[in-house]
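Structural characterization, general
Here is how the chains run, residue by residue.
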Amino acid sequence: VARTLLAFVYCNQKKFDKALPLLEEVIKRGDYHLEYSQATEYNNNAECILGYHIQTRSGEACHPCLDYKDVILTAAECLYHTGNTPKAKEYINQVCEHKNLTVDQSDVLKAIASLHYQINSPSYMNFIRRNGLGESFMGLSHDNLYQLLWPIPSSEMNLNPQMTQNPGY
């Protein structure tokens, strides 16, 4: 969990060269692996790094906070940014094979974005923001890119007068 979280922090700081070894260590250790399952199916299985259970009327559900699919896709992103596109495509292919998905790999970042979206990844929006894909992938106009951040609730703003609202809200 700690390696994965630190790697995600480094990615958000665009320090992909620091994130990659952490993600590769998680991959190399073999504690987790991709399951052959539906793209959005989530169980407490070998893909689950950190999740939480919710009791609902229809039964118990498990929701991901961190999962191995995110590790693989984030490693692919780091490889792309550090100049190893062939290895990035190998990771993309692994996710496609295990989740029965296909993506156009002519643009590696858009392929990763598409997979994040298709697997309902918890880190999808972080990926979109840090790679500047709000306009080209999500179709937001330049004036609406502020929507990539949530507004800070007014109750929180009232509790901390030094806090400022996210731009655009």
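All values derive from a computational prediction rather than experimental measurement. In this numbering scheme, every chain counts its residues from 1 along its sequence in written order. In keeping with the model being predicted, local features are shown solely for residues with a pLDDT of at least 70 and side-chain atom pairs are shown and tallied solely at 80 or more, while totals for entire chains, interfaces and linings include all residues. In computing side-chain properties, one takes all heavy atoms of the structure into account and sets aside hydrogens as well as water.

So, the overall build of the chain
- In DSSP terms, a helix is any run of H or I states spanning at least four residues, a strand is any run of E spanning at least two, and both are numbered starting from the N terminus. What the chain contains, in helices and strands, is 7 helices and 2 strands.
- Only C-alpha atoms enter the radius of gyration; for comparison, a globular chain is expected to reach 2.2 Å times N to the power 0.38, where N is the number of residues. Its C-alpha atoms give the chain a radius of gyration of 17 Å, near enough to 15 Å, the size a compact globule of 169 residues would have.
- Based on the C-alpha atoms only, the size of the chain along its principal axes is roughly 45 × 45 × 30 Å.
- Counting only residues that meet the buried cut, the chain has 38% of its 169 residues in that class. Under the scheme applied here, a residue whose accessible area is under 20% of the maximum for its type counts as buried, over 50% as exposed, and between as partly exposed, the area being computed with a 1.4 Å probe on protein chains only.

Some points on the packing of aromatic side chains
- The rule is short: rings of Phe, Tyr and Trp, with Trp giving its six-membered ring, pair when the centres are within 6.5 Å, and they are stacked under 30 degrees, edge-to-face over 60, tilted in between. Per the counting criterion, the structure on display carries 3 aromatic pairs.
- Geometrically, the ring pair formed by Tyr-146 and Tyr-169 is edge-to-face, given 5.1 Å between the ring centres and 80° between the ring planes. Of this pair, Tyr-146 sits in the loop between α6 (124–130) and α7 (154–159) while Tyr-169 sits in the segment after α7; the two residues are 23 residues apart in sequence, bridging distant segments of the chain.
- For Tyr-146, a relative accessible area of 26% corresponds to the partly exposed category.
- For Tyr-169, a relative accessible area of 42% translates into the label partly exposed.

Notes on the packing of helix α1 (residues 2–12) against helix α2 (residues 16–29)
- Where helices are involved, their axes are fitted lines through C-alpha atoms of the stretch in contact, as for all axes, and angles between N-to-C directions lie from 0 to 180°. For the pair α1 and α2, the least separation of the axes is 8 Å and the interaxial angle reads 155°. Viewed along their axes, α1 and α2 adopt a mutual orientation that is roughly antiparallel. Relative to α2, α1 is oriented so that their crossing is left-handed. Where α1 approaches α2, its residues Arg-3, Thr-4, Leu-6, Ala-7, Phe-8, Tyr-10 and Cys-11 are matched on the opposing element by Phe-16, Lys-18, Ala-19, Leu-22, Leu-23, Glu-25, Val-26 and Arg-29. By definition in this entry, angles of less than 35 degrees are roughly parallel, angles greater than 145 are roughly antiparallel, angles of 65 to 115 are roughly perpendicular, and the rest are oblique. Two helices crossing with the near one rotated counterclockwise from the far one by less than a right angle form a left-handed crossing, whereas a clockwise rotation gives a right-handed crossing. Note on definitions: a residue-residue contact is assigned when non-hydrogen atoms from the two residues lie within 4.5 Å.

With respect to the side chain of Asn-131
- Checked against the element boundaries, Asn-131 lands in the loop between α6 and α7.
- Counted as a polar contact is a pair of N or O atoms within 3.5 Å, where, for protein atoms, one must be capable of donating a hydrogen and the other of accepting one, and residues adjacent in sequence contribute only when both atoms are in side chains. For Asn-131, the side chain forms a polar contact with the main-chain oxygen of Phe-127, separated by 3.0 Å.
- Among all residues touching Asn-131, those that are not within four sequence positions of it are Glu-77, His-81 and Leu-109.

Digging into the packing of α2 against helix α3 (residues 68–81)
- α3 packs onto α2 with a crossing angle of 140° between their chain directions and a minimal axis gap of 9 Å. Considering the angle they form, α2 stands oblique to α3. Viewed along their axes, α2 and α3 form a crossing whose handedness is left-handed. Where α2 abuts α3, its residues Phe-16, Ala-19, Leu-20, Leu-23, Glu-24, Val-26 and Ile-27 lie against Tyr-68, Val-71, Ile-72, Thr-74, Ala-75, Glu-77, Cys-78, Leu-79 and His-81.

Some details on the confidence of the model for the chain
- Known as pLDDT, the predictor's confidence for each residue is given on a scale from 0 to 100. Residues with a pLDDT of 70 or more make up 98% of the chain, whose mean pLDDT is 91.
- Per-element mean pLDDT across the chain ranges from 80 in strand β2 (residues 59–67) up to 98 in α2.

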